[in-house]
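Each chain, letter by letter, is given below.
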Protein chains: 2
Amino acid sequence: MSDKIRMAHGGGGEMTARLIEQVFYEALGGDFKEANDSAVLELPGGKTAFTTDSFVISPLFFPGGDIGKLAFCGTVNDLAAAGAQPVAISASFIIEEGMDIADLKRIATSLGDVSRETGIPVVAGDTKVVDKGSADKVFITTAGIGIIPEGIDYHPRNIRPGDKIIVSGTIGDHGYCITALREGIAIQSSVTSDCRPLHELVALLCPLAGDVHTVRDATRGGVGTVLNEWARQSGNGILIRETMLPVKDEVKGGCALLGFEPIYLANEGKMLFIVSYNKAEEALALLQSHSAGVDAAVIGEVTAGKPQVIMETEWGTRRVVPVPRGEILLRIC
Amino acid sequence: MSDKIRMAHGGGGEMTARLIEQVFYEALGGDFKEANDSAVLELPGGKTAFTTDSFVISPLFFPGGDIGKLAFCGTVNDLAAAGAQPVAISASFIIEEGMDIADLKRIATSLGDVSRETGIPVVAGDTKVVDKGSADKVFITTAGIGIIPEGIDYHPRNIRPGDKIIVSGTIGDHGYCITALREGIAIQSSVTSDCRPLHELVALLCPLAGDVHTVRDATRGGVGTVLNEWARQSGNGILIRETMLPVKDEVKGGCALLGFEPIYLANEGKMLFIVSYNKAEEALALLQSHSAGVDAAVIGEVTAGKPQVIMETEWGTRRVVPVPRGEILLRIC
């Protein structure tokens, strides 16, 4: 096999078949191989979550992960945020002519590895090749299906004044890691992307189902964007306290230097939860019992105020946390 | 709203929200709007098909369709080929900075139109923007879920010697149309892409379920590629007769001129069926009763021979129809 992607790898003929066999079958495993255009799943029925995301991150490889792991975790976490247990993932690759096949295989293997670790199979996929200059190495689009257990209904419409807001760990790690990499300060940085699957973490809260009002992973646009969406969707105010936000010291310092706010930085392994005030401590303890939630913290609450996000700063003043407007961090996921 | 896509449209903030609201909500409709990262579906359970495909066709607009319609139909047809009735589609857009928003809206509307016509909702999606030169205008990845009725099991393992091979209509129209467009002979051409949804057509054969052995849409790589895959997967030979292949005169003539074979040209609205020999006439009549199947024809049969595809030519000679090797037609879907 040649070591670079050629246009013929996307022609649908023998070269395509060989690429799929030599790169994707081995990397993604048996369920992927079995799929005959459509995968056939045996589902229990009932409430089922369905989601998709495209991944265009640059660079492809970064401390803590790569586009393959990210593409898998991103869709798993979207399903998890709906309260679903993921049962099947698809992965479709758009590849630029000239890409190193070794890099592609490394990415596919990374995606396959997290599939094997979680036991969530990649059951369907596709490969397209575009001419050099018509894409940037590789883009991956994943979609996923998950089963929502009886009694789970996570939706912003359930948000009530008094509810507590919990974040599952330190914020901004992924966004800071990628920015540090691009700004050339990665060599001194110990911050890696937090990219990881969170479905187990979310499942821990199943026993509190009726008191968990809504859940979201705080990816592109960060915690600040999710909170603003919740304020708008629920018509309630949101008050957070800066001192309660878990932020790594290096991220805090680096953000001050680079002119970013951690609250807008992308996360790829952090969930936000809105929980009844009287169950917040219990939820927090459950989250902290899991390796993905050791740094979980209550960061604020829902108020009966105007539908906006207010932050009480370190100095005790209050300011609005607006919806981010322009170019925050691009191609971050 | 500015008339070109800017990087900030992909930032996840206010610009992204406005783009989604102004372009995608209106184009794709209410189910898309309701989706909160994950769509929540109520499924009956049982055998469920799941598939995905990326679309990178160039040019974006062509006689008979555009990348939006194509992306919807492609995934619907993959579900249909599994015998499934499609219930939900997702659509994820990777957009190049500088793209005309009017073009994007036209494409999204075209996708939404076929969703409305078929009643199959687009329930989830995503939008990413990459910098100018890192993509070619827009790529769309769709995924889909479909329910497989009781008793339906379309799979190459069911193929038996003696089975008849049926194609649902004229072959090569999509591939020829795009090629003619690129070669600059489109102005004299009356051939349009056959891009259309085929789930209704396939559903007509439900009463013959046990005698319909396998089904595939003959997209990239054409009829020749599907037949070769079937020969390999089933371990049987396949014999087709050139005189029985439905090919438009213009496609036949144009192919001779351009050095293509219609059998390898992509279709976006044609299904191949393998049916028990004693039910083939009945299946054919059912297909011909539908507007998508008026030109359906039996084109050959499965044999006990070597696992390869043999064509009996117009002159009565026989030749192997190999798996296409190299660069056939690129970015055709």
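Residues numbered from 1 in each chain as written. Chains lettered and ligands numbered in written order. Predicted model: local features only at pLDDT ≥ 70, side-chain atom pairs only at ≥ 80, totals over all residues. Heavy atoms only, no water.

**Examining the domain arrangement of chain A**
Residue and element names in this part refer to chain A.
In step 1: Partitioning chain A into domains gives domain 1 (7–147) and domain 2 (156–320).
In step 2: For domain 1 and domain 2, the distance between their C-alpha centres works out to 28 Å.
In step 3: Taking both sides of the interface into account, the surface hidden between domain 1 and domain 2 amounts to around 1600 Å²; carbon and sulfur atoms contribute 67%.
In step 4: By the criterion of area lost to domain 2, the three top residues of domain 1 are Pro63, Asn77 and Ala81, representing 30% of everything that side buries.
In step 5: Taken together, the connections running from domain 1 to domain 2 amount to zero salt bridges. (Domains from an automatic or database assignment. Buried area = accessible area lost by both parts, 1.4 Å probe. Salt bridge = Lys/Arg side-chain N within 4 Å of Asp/Glu carboxyl O.)

**Notes on the confidence of the model for chain A**
The predicted coordinates of low-pLDDT regions are not to be read in fine detail.
In step 1: Per-residue confidence for chain A gives a mean pLDDT of 94, with 96% of residues at or over 70.
In step 2: The ipTM for the predicted assembly is 0.96, set against a pTM of 0.96. (pLDDT = per-residue confidence, 0-100.)

**Side note on the relation of the copies chain B and chain A**
In step 1: For these two chains of identical sequence, chain B goes onto chain A by a turn of 180 degrees and a shift of 0.0 Å along the axis, with RMSD 0.0 Å. In short, the pair behaves as if placed about a two-fold rotation axis. Looking at the rotation axis and the C-alpha trace of chain B, the residue lying nearest is Gly45 of chain B, at 1.7 Å.
In step 2: Of the residues that chain B buries at the interface, 100% are likewise interface residues in chain A, meaning the two copies contact each other through the same surface. (Least-squares fit on C-alpha atoms with pLDDT ≥ 70 in both. Contact = heavy atoms within 4.5 Å.)

**Comments concerning the side chain of Arg220 of chain B**
In step 1: One can find Arg220 of chain B in the loop between strand S9 (212–217) and helix H7 (222–234).
In step 2: From its side chain, Arg220 of chain B meets the backbone oxygen of Gly10 of chain A in a polar contact 3.1 Å long.
In step 3: What Arg220 of chain B contacts, discounting residues up to four positions off in sequence, is Gly10, Gly11, Gly12, Thr16, Asp126, Thr127 and Lys128 of chain A together with Ala266 and Cys333 of chain B. (Helix = DSSP H or I, 4+ residues; strand = E, 2+ residues; numbered from the N terminus. Polar contact = N/O pair within 3.5 Å; in protein donor to acceptor, adjacent residues only side chain to side chain.)

**Digging into helix H4 (residues 101–118) of chain B**
All names here are of chain B.
In step 1: Here H4 is 18 residues long and its end C-alpha atoms lie 26 Å apart, about the 26 Å a rise of 1.5 Å per residue gives.
In step 2: Listed as buried for H4 are Ile101, Leu104, Ile107, Ala108, Ser110, Leu111, Gly112, Val114 and Ser115.
In step 3: Just beyond H4, the residue with positive phi is Gly119, at close to 75 degrees. (Expected span 1.5 Å × (residues − 1). Buried < 20%, exposed > 50% of the residue type's maximum accessible area, 1.4 Å probe, protein only.)

**What about the interface of chain B and chain A?**
In step 1: Each side of the interface is counted separately: chain B has 76 residues, and chain A has 76 residues.
In step 2: Among the ionic pairs, Arg331 of chain A bridges to Asp131 of chain B, the shortest N-O distance being 3.0 Å.
In step 3: Our count for the contact surface shared by chain B and chain A stands at 28 residue pairs in polar contact (both at pLDDT 80 or more).
In step 4: For the side of chain B that touches chain A, the element with the most residues is strand S2 (residues 46–55) of chain B, which contributes nine residues.

**With respect to the environment of Gly112 of chain A**
In step 1: Note on placement: Gly112 of chain A falls in helix H4 (residues 101–118).
In step 2: The spacing of Gly112 of chain A and Val122 of chain A is 10 residues in sequence and 7.6 Å in space, taken between C-alpha atoms.

**Points about the packing of aromatic side chains**
In step 1: Under the defined criterion, the tally for this structure stands at four aromatic pairs over all chains.
In step 2: Relative to Phe139 of chain B, the ring of Phe139 of chain A lies with its centre 6.4 Å away and its plane at 45 degrees, an arrangement referred to as tilted. Placement of Phe139 of chain A in strand S7 (residues 138–147) and of Phe139 of chain B in strand S7 (residues 138–147) is noted, with the two residues assigned to different chains.
In step 3: You can call Phe139 of chain A buried: its relative accessible area is 0%. (Phe/Tyr/Trp six-rings, centres within 6.5 Å; stacked < 30°, edge-to-face > 60°.)

**What to know about the pairing of strand S5 (residues 85–96) of chain B**
Residue and element names in this part refer to chain B.
In step 1: Among the 12 residues of S5, 10 are classified as buried, and the element is accordingly described as predominantly covered.
In step 2: Two elements, S5 and S7, share 10 bridges in a ladder whose sense is antiparallel. Within S7, the position partnered with Ala88 by the bridge is Ile145.
In step 3: Examined bridge by bridge, S5 and strand S6 (residues 122–130) share eight bridges and lie parallel to one another. (Pairing = 2+ DSSP bridges.)

**Concerning unusual backbone geometry**
In step 1: Cis geometry is found at the peptide bond from Ser58 of chain A to Pro59 of chain A, where omega equals 5 degrees.
In step 2: Examined against the element boundaries, Pro59 of chain A turns out to sit in the loop between strand S2 (46–55) and strand S3 (61–62).
In step 3: Of note, Lys137 of chain A is a non-glycine position whose phi angle comes to about 65 degrees, a positive value.
In step 4: Within the secondary structure layout, Lys137 of chain A lies in the loop between strand S6 (122–130) and S7.
In step 5: When its relative accessible area of 40% is taken as the criterion, Lys137 of chain A is described as partly exposed.
In step 6: For Arg331 of chain B, which is not glycine, the phi dihedral falls at a positive 50 degrees.
In step 7: Mapped onto the secondary structure, Arg331 of chain B falls in the segment after strand S14 (318–320).

**A short note on the packing of helix H1 (residues 14–28) of chain B against H4 of chain B**
All names here are of chain B.
In step 1: Where H1 contacts H4, the two axes come as close as 7 Å, and the packing angle between them is 30 degrees. Between H1 and H4, the angle falls in the class roughly parallel. Of H4, the residues touching H1 (which contributes Leu19, Gln22, Val23, Phe24, Glu26, Ala27 and Leu28) are Ile101, Leu104, Lys105, Ala108, Thr109, Leu111, Gly112 and Arg116.
In step 2: Partitioned by chemical class, the residues of the contact of H1 with H4 number nine nonpolar, three polar and three charged. (Axes fitted to C-alpha atoms, helices over the stretch in contact; angles between N-to-C directions. Parallel < 35°, antiparallel > 145°, perpendicular 65-115°, else oblique. Nonpolar A, V, L, I, M, F, W, Y, C, P; charged D, E, K, R; others polar.)

**A look at the sheet that holds strand S8 (residues 164–167) of chain A**
Residues and elements named next belong to chain A.
In step 1: Ordered in space as S9-S11-S8-S12-S10-S13-S14, the seven strands form an open sheet in which the pairing is mixed. Either end of the sheet is taken by a strand with one partner, and the two such strands are strand S9 (212–217) and strand S14 (318–320). Going from strand to strand, the sheet's axes swing by 25 degrees on average, the running direction of each strand aside.
In step 2: Sheet contacts for helix H3 (residues 67–81): S9 and strand S11 (271–275); angle to S9, the most-contacted strand, approximately 170 degrees.
In step 3: Packing against the sheet, helix H9 (residues 280–288) makes contact with S8, S11 and strand S12 (297–303), and its axis sits at approximately 10 degrees to S8.

**Structural notes on the packing of helix H5 (residues 173–182) of chain A against helix H8 (residues 249–258) of chain A**
Residue and element names in this part refer to chain A.
In step 1: At a minimum axis separation of 11 Å, H5 and H8 run at an interaxial angle of 55 degrees. Our classification of the angle between H5 and H8 gives oblique. As for how H5 packs across H8, the hand of that crossing is left-handed. Across the interface between the two elements, Asp173, Tyr176 and Thr179 from H5 touch Glu250, Val251, Gly254, Cys255 and Leu258 from H8.
In step 2: Its residues assigned to classes, the contact of H5 with H8 shows four nonpolar, two polar and two charged. (Left-handed = near helix turned anticlockwise from the far one by under 90°.)

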